[in-house]
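Residues per chain are reported as follows:
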Amino acid sequence: MAKIPVGWLLSAVVAVVAAASARETFALAPPRSAGEAGLPLLEVFTAPQYGARSQNFALAQDRLGLLYAGNLDGLLVYDGAWWRRLELPGSSAVFAVAAGGGNRVAVGGVAELGLVEDLRGSGLRYRSLVADLPADCRSPGNVVAVHGDERGFWFVADTCLLRLEGERLWRVAPLPAGRPAKASFQVDGRLFVWTRDGLHEADAGGLRLTPGGEQLRERPLEALVAWSSGRLLAALRGEGLFLLDGTRLERFAPTASAWAAAHQLSSAVRLGDGRVAFGSFDGGLLLLDADGSIAGQVDSSAGLSSDTVSALLADREGALWAAMQSGIARIETGSSLSVLDARRGLTSTPTALARHAGHLWIGSHAGLFVLRGGVRAGDESATPSLRAERVPGLPARLWALTPVASIVLIGTARGVFELRGGEGATTPDFRQVPGTEELTVYEVMASRADPDTVWLGMAEGLGRLRRAGDGWRFAGKIAGVPPYVRSLVERPDGSLLLGTVFDGIVRIGTVPPVPSRAAGEGTAAAEAAAPVGIESIGTGEMTVAEVGGRLLAMTPVGFRLLDERRRRLVEDPELAGLDPAGRAFLAAQDPAGNLWFNTVPPTVVAAPGSAAGDDRWHRLVAIAASDVQVILAEPDGVVWIGTDRGLYRIAGAFGMAPEHEVPAPVLRASSAGGEVTSMPHDFRRLRLEFAPRSFRPGVEYQFRLDPLDVGWGEWTGVAFTEYTNLDPGEYRFRLRSRSASGATSPESELRFGVRPAWYATRWMLLGAALLAFVTVRAWVAFRSRRLRRRAAELEARVAEQTEELRRTVVDLEVVRREVEQKNALLERANARLESLTLLDELTGVANRRQLQKSLADEWSRARRHELAIAFALVDLDHFKGLNDSHGHSAGDRCLQEVASLLRGELRRPGDLVARYGGEEFALLLPGTGLDGAQALCERLRAGIARLAIVNAGAPAGVLSASFGIAATVPRSEQEMATLFEGADRALYEAKAAGRNRVCGDWC
């Protein structure tokens, strides 16, 4: 069941985007940071999931935490893992359901009413009460509402109001028929019934008009909930919202009242935080704040499966449930986690975030967005909204947003831009930093040591900007730094740590100052003198970050600490096992000292000494994303997480509503062999199903079967287990669960037994033992006489056998040592064989299998980081003539010499030479564009010519080679096969042009 973000309209100010005829302009509205909460999370259950028809009418939750839904096909029950359906007599629909004292549940339907019982025993059981109807209400018609309290239930039927206490069922009062004729509401344990005569309150003796209730005569009441100071909040059909205080009825909340008057309301419920939710038959639902303002609105355009909301329920975990015409929805109204996505204008994955001039700016592959909130001009309903607006004037593929003084520096695939214009500006002003037009800038970091310097992490290496008046100028690249710098850390002594894609972490001790102004400065070609003390720590793709007072390196094998003194990476005990696959590359620390990582799902490590206790790791399972590109922790404690599913905002408690005590999980058992508590020895299968009695994601289970298991098993998200072929005996199955925050529940348990087969019963075993005893005694008496005669013979042979045994033991020891030596040799041979499977036997370079594996890895890396990758095919010209003229042994020596030359020239990490076919070789060149690949291949072609290998079958008399090159920056839709095809076409062109040449092109 996927998490779906829902349309949630918030209090904020909306700006206006105007399109001018010449160019697009963008006007900034005043910032409203307090209204930046996005859309809450929503989970929608559809008919195929709960196994009944789509239409639902009612909702209830019992004291065990189970959810009940009245459906057209009967009663649905949900325990957090499994949906079950209970059918009523006559296949009646369920229009109403309520939970009451003693954990009983009452149900009303088509001329049907009854109780659901035995919830913790052999399963759900429905007991009809139709036969118990009193004589003065034998034909109640349909039961349209049920209300429960500690003493019993109220049943509101077409013709009468019924009361059930214990086993006694009686008619309280007759009710008028027709529509609109009546409506019932339970408020703080009191039952109110509206009829055309006004508003009444019910008790065991009948109905009495409430004070002021006559004001509601002939004014249909659609909803009634408790409000502040003992007042009632009432929704009148076509009129809107009113406060009922004794005898006075006054209008309330004009904006929300207009919405209520325009829609036909179905229900209302008061939430734990004081807000009120209204459901409607034609407009979804509306949330009302305690001050009467609209807090949110949810309808089908924002994620609900239907605008027809029949009933609402606030569960004990702070979420809001909605029963709809087509499905059931759960909305996380009590969570501080919200999301902005395409429904609010954010149409691309966020890659960079920055707070500037009071606004949140969002960089993405689609360009720059700014978060704006407010009320749209001319909207008389004043419905609040929040949107991410696309800012024109910048190229796509933004990587970095860094506020520096009064501007923001933006790193893009086309250089660095300055964003100017503060809170009072009407239009953002973008300026390109001169000299950066051809650079790909991943990271922008203001220097702490020098306020006039900004460092750039680039595809081309490391660069820097220098302040020039009120702006910035490009001061050149730093020579000797490897390419593809993706992260930067400046140390207090002025040294730099760089995280790279191919070369691990690079440390630069000292960077020389910017040279004096000279010709060419300010262009991408400008370079400073070589830095002092440059060294690499580790290899491959690594990210470095300074969080929590320590240097973290995120590597392909997980998190490591960077030991600057010893220049090495060491284990981090606190984060060991957090990301063993090495997928995380972001780390951030919030003001409270909590650490945030972009694992999947994201992980928070609570600060030491925090309220989190011993369970400091929190998996944010509610963030259903597969890619996290940016994390921003703001000074006010709000954390933003940019993902492929939108931009998530977390404003406390790690994104979840406060957690109540975790209940013991539900445990159900069924056996294919019949009874569960005592099963025959040949039972076929015992199935145990679990449920958390919680509706939050991320619940896991742990269980053990005593006395079979010696300890608890591993935590698992699978909500069942099965057993077969258990030995006879008594068993105790123990189960516990834990929430996503790490809180562990009490245990649930099931005791059962497996009976032995008839021939293994106690009496049968006792009789068999007695018979065996008598038989053995007789046999022992017979055998003892013979054994005594042989005793003397055995004593004589003991000494001889003992000596023989000693010699055998010595021989076995010699054999054991020989076997150990052979096993060691075999292991070394297997290791050698494994390495040989990846090498070409003749030339010693990689074979085609190794080439395919390396190309797949490098292709994935290049597409993820938008890096260039080149692939070349090398064909030895007229090689068949060499074999024919000089023999195959000479051809083999030729292949070996060429392979040695190619392998010697490829020295970069990741570069690979492989034998592709008979006389063909392949070159894999990650991080290399077409120009670099052509230059390398020209050197290789000339090197092969310098070998001067005699080839009588060639026109020139010596061996030459043709090269075909293909290079690309992989796109998301591009297949890896295009690289092979491009190189093959280029090789064909080289041969067609006369051989002994290099051809290539981008693909």
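Residues numbered from 1 in each chain as written. Predicted model: local features only at pLDDT ≥ 70, side-chain atom pairs only at ≥ 80, totals over all residues. Heavy atoms only, no water.

What the protein chain contains, in helices and strands, is 8 helices and 70 strands. What you see for the protein chain is a C-alpha radius of gyration of 39 Å, clearly larger than the 30 Å of a compact globule of 1003 residues, by over 25%. Each of the three principal axes of the protein chain carries a C-alpha extent, and together these read 120 × 115 × 55 Å. Among the 1003 residues that make up the protein chain, the fraction classed as buried is 51%. Of the roughly 45,000 Å² of accessible surface on the protein chain, a fraction of 52% belongs to carbon and sulfur atoms. When the 112 basic and 118 acidic side-chain charges of the protein chain are each reduced to a single mean position, those positions are 4 Å apart. (Helix = DSSP H or I, 4+ residues; strand = E, 2+ residues; numbered from the N terminus. Rg over C-alpha atoms; globule rule 2.2 N^0.38 Å. Buried < 20%, exposed > 50% of the residue type's maximum accessible area, 1.4 Å probe, protein only. Areas by Shrake-Rupley, 256 points an atom, 1.4 Å probe, with all protein chains shown as cover. Lys, Arg positive; Asp, Glu negative; His and termini not counted. Charge placed at Lys NZ, Arg CZ, Asp CG, Glu CD.)

All right, on to the pairing of strand 14 (residues 168–174) then. Examined bridge by bridge, strand 13 (residues 160–165) and strand 14 share 6 bridges and lie antiparallel to one another. Within strand 14, the residue paired with Leu-161 across the bridge is Ala-173. Hairpin connection, strand 13 to strand 14: the antiparallel pair is bridged by 2 residues, and Gly-166 has positive phi, about 65°. (Pairing = 2+ DSSP bridges.)

Sheets are built from strands that pair by backbone hydrogen bonding, the pairs being arranged parallel or antiparallel. Ordered in space as 15-16-17-18, the 4 strands form an open sheet in which the pairing is antiparallel. One side of each edge strand has no neighbouring strand; the edge strands of this open sheet are strand 15 (182–187) and strand 18 (206–209). The average angle at which neighbouring strand axes cross in this sheet is 30°, direction not considered. Taken together, the 5 bridges between strand 16 (residues 190–195) and strand 17 (residues 198–203) define a ladder with antiparallel strand orientation. Across the sheet, Thr-195 pairs through a bridge with Gly-198, a residue of strand 17. (Axes fitted to C-alpha atoms, helices over the stretch in contact; angles between N-to-C directions.)

A few words on the packing of helix 6 (residues 888–905) against helix 7 (residues 930–947). Interaxial distance between helix 6 and helix 7 falls to 10 Å at its minimum, and their mutual angle equals 145°. Along this stretch, helix 6 crosses helix 7, giving a crossing that reads as right-handed. Mapping the contact onto sequence places Glu-897, Val-898, Leu-901, Leu-902 and Glu-905 in helix 6 and Leu-936, Arg-939, Leu-940, Gly-943, Ile-944 and Leu-947 in helix 7. In terms of residue class, the contact of helix 6 with helix 7 is built from 7 nonpolar, 1 polar and 3 charged. (Left-handed = near helix turned anticlockwise from the far one by under 90°. Contact = heavy atoms within 4.5 Å. Nonpolar A, V, L, I, M, F, W, Y, C, P; charged D, E, K, R; others polar.)

Cis peptide bonds are those with omega within 30 degrees of zero, and the linkage from Val-600 to Pro-601 qualifies with -5°. Residue placement: Pro-601 occurs in the loop between strand 53 (595–597) and strand 54 (603–605). Its identity is not glycine, yet Asp-188 carries a phi of approximately 50°, on the positive side. Tracing the backbone shows Asp-188 in the loop between strand 15 and strand 16. On the basis of relative accessible area, Asp-188 is assigned to the exposed category, the value being 70%. The backbone of Arg-567 shows a phi angle near 55°, a positive value even though the residue is not glycine.

We now examine the sheet that holds strand 4 (residues 67–71). Read across the open sheet, the 4 strands follow the order 3-4-5-6; overall the sheet is antiparallel. Across the chains shown, the open sheet's two edge strands, defined by having one partner strand only, are strand 3 (56–61) and strand 6 (83–86). Geometrically, the sheet is characterised by an average inter-axis angle of 25° between neighbouring strands, direction not taken into account.

Here we take up the pattern of salt bridges. Enumeration according to the criterion identifies 67 salt bridges in this entry. Across the pair Arg-864 and Glu-541 runs a salt bridge, and its minimum N-O distance is 2.7 Å. One end of the pair, Arg-864, is in helix 4 (residues 848–865); the other, Glu-541, is in the loop between strand 47 (532–537) and strand 48 (543–547), and 323 residues separate them in sequence. Residue Arg-816 is joined to Glu-813 by a salt bridge in which the shortest nitrogen-to-oxygen separation is 2.5 Å. With a gap of 3 residues between them, Arg-816 and Glu-813 both fall in helix 3 (residues 762–836), about one helical turn apart. Classification of Glu-813 by relative accessible area gives partly exposed; the value is 29%. (Salt bridge = Lys/Arg side-chain N within 4 Å of Asp/Glu carboxyl O.)

This part is about helix 8 (residues 977–992). For helix 8, with 16 residues, the first-to-last C-alpha span of 23 Å sits near the 22 Å given by 1.5 Å per residue. Residues of helix 8 that are buried make contact with helix 4, strand 66 (869–876), strand 68 (920–926), strand 69 (961–968) and strand 70 (998–1002). Of the residues flanking the end of helix 8, it is Gly-994, one or two places downstream, whose phi is positive at about 120°. (Expected span 1.5 Å × (residues − 1).)

Under the counting rule described, the total for this entry stands at 1 disulfide. A sulfur-sulfur separation of 1.9 Å characterises the disulfide bridge that pairs Cys-137 with Cys-160. Residues Cys-137 and Cys-160 are joined through a disulfide that is left-handed, its torsion about the S-S bond being -50°. Of this pair, Cys-137 sits in the loop between strand 10 (125–128) and strand 11 (143–148) while Cys-160 is found in strand 13, placing the two residues 23 residues apart along the sequence. Neither Cys-137 nor Cys-160 differs from the other in exposure class; each is buried. Considering cysteine sulfurs only, Cys-937 is the nearest to Cys-1003, which forms no disulfide, with 14 Å between them. (Disulfide = S-S within 2.5 Å.)

What follows is about the environment of Ala-672. Of note, Ala-672 is situated in the loop between strand 59 (666–671) and strand 60 (678–679). With 606 residues separating them in the primary sequence, Ala-672 and Leu-66 have C-alpha atoms 26 Å apart. When residues no more than four places from it in sequence are discounted, the contact partners of Ala-672 are Arg-684 and Arg-685.

On the surface, a nonpolar cluster with roughly 400 Å² of combined accessible area is contributed by Trp-758, Tyr-759 and Met-764. Relative to the helices and strands, Trp-758 is located in the loop between strand 65 (748–754) and helix 3. (Patch = residues over 30% accessible without salt bridge, like charges linked within 9 Å, V, L, I, M, F, W, Y side chains within 5 Å.)

Moving on: the packing of aromatic side chains. Tallying each qualifying case throughout the model produces 23 aromatic pairs. Ring centres 5.9 Å apart and planes at 15° place the aromatic pair Phe-45 and Trp-321 in the stacked group. Here Phe-45, found in strand 2 (residues 41–45), pairs with Trp-321, found in strand 28 (residues 320–324); they are 276 residues apart in sequence, far enough to count as distant. The exposure class of Phe-45 is buried, given its relative accessible area of 0%. Judged by centre distance (6.4 Å) and plane angle (65°), the rings of Tyr-78 and Trp-321 are edge-to-face. Placement of Tyr-78 in strand 5 (residues 74–78) and of Trp-321 in strand 28 is noted, with a sequence separation of 243 residues between them. Taken together through their ring pairs, the aromatic side chains of Phe-45, Tyr-50, Tyr-78, Trp-83, Trp-321 and Phe-695 make up a single cluster. When the ring centre of Trp-154 is taken as origin, the NZ or CZ atom of Arg-163, which lies over that ring, is 4.6 Å away. In this arrangement the basic side chain of Arg-486 is found over the ring face of Trp-399, its NZ or CZ atom lying 4.9 Å from the centre. (Phe/Tyr/Trp six-rings, centres within 6.5 Å; stacked < 30°, edge-to-face > 60°. Lys NZ or Arg CZ within 6 Å of the ring centre and 35° of its normal.)

It is worth spelling out the confidence of the model for the protein chain at this point. Predicted coordinates in areas of low pLDDT are best not read in detail. On average, residues of the protein chain score 86 in pLDDT, and 91% of them reach the 70 mark or higher. Per-element mean pLDDT across the protein chain ranges from 36 in strand 1 (residues 3–5) up to 97 in strand 4. When the criterion is pLDDT under 50, residues 1–34 qualifies, and its contacts beyond four places in sequence or with other chains add up to 122 contacts. Note that residues 374–384 has pLDDT below 50 and, in this model, 20 contacts with residues that lie over four places away or in other chains. (pLDDT = per-residue confidence, 0-100.)

The next point concerns a positive patch on the surface. On the surface, Arg-785, Arg-786, Arg-788, Arg-789, Arg-790 and Arg-797 cluster together into a positively charged patch. By secondary structure assignment, the location of Arg-786 is in helix 3.

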